[in-house]
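Take a look at the letters that make up each chain.
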Amino acid sequence: MIFDTRVAGIPCQCEVLEYSEGLPMRITGWGFGDADPPEPGEFEYQILDRRGRYARWLEDKLTDDDDERLEREFLDARDEYAA
């Protein structure tokens, strides 16, 4: 899926390469060791310019906050597309 966004105030596109939701902790018994730890989700993407070409120079401007924001924007766009 590709959606429009901005990086460092510059209009661009984000192409989601892979997304999987994390798994919560699973308890299988009453004692220590009777649980599986939670597994984090996976969100891989690449940044494209407005013409759809890979833009490494824009990816270099990404921050940790941008990673979280892009994942939220992706989930919103996915939910909107499904509706």
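Preceding block: the structure.
A brief structural summary. (Residues numbered from 1 in each chain as written. Predicted model: local features only at pLDDT ≥ 70, side-chain atom pairs only at ≥ 80, totals over all residues. Heavy atoms only, no water.)

## Here we look at the nonpolar core
Listed in full, the 12 residues of the largest apolar core are F3, V7, C12, C14, V16, F43, Y45, I47, A55, L58, L70 and F74. For this core, the secondary structure elements donating two or more residues are β1 (2–7), β2 (10–20), β5 (42–48) and α2 (64–82). Excluding its chain neighbours within four sequence positions, the residues that come into contact with I47 are V7, C12, Q13, C14, R53, Y54, A55, L58, E59, L62 and L70. (Core = buried A, V, L, I, M, F, W, Y, C linked by side-chain atoms within 4.5 Å. Buried < 20%, exposed > 50% of the residue type's maximum accessible area, 1.4 Å probe, protein only. Helix = DSSP H or I, 4+ residues; strand = E, 2+ residues; numbered from the N terminus. Contact = heavy atoms within 4.5 Å.)

## With respect to the packing of aromatic side chains
What the rule picks out here adds up to 4 aromatic pairs. Measuring from ring centre to ring centre gives 5.1 Å for F43 and Y45, while their planes differ by 40°; the resulting arrangement is tilted. Among the aromatic residues, those joined into a cluster by ring pairs are Y19, F43, Y45 and F74. (Phe/Tyr/Trp six-rings, centres within 6.5 Å; stacked < 30°, edge-to-face > 60°.)

## Description of a negative patch on the surface
Together, D64, D65, D67 and E68 make up a region of like negative charge exposed at the surface. In this fold, D67 is placed in helix α2. The class for D67 is partly exposed, based on a relative accessible area of 31%. (Patch = residues over 30% accessible without salt bridge, like charges linked within 9 Å, V, L, I, M, F, W, Y side chains within 5 Å. Areas by Shrake-Rupley, 256 points an atom, 1.4 Å probe, with all protein chains shown as cover. Salt bridge = Lys/Arg side-chain N within 4 Å of Asp/Glu carboxyl O. Lys, Arg positive; Asp, Glu negative; His and termini not counted. Charge placed at Lys NZ, Arg CZ, Asp CG, Glu CD.)

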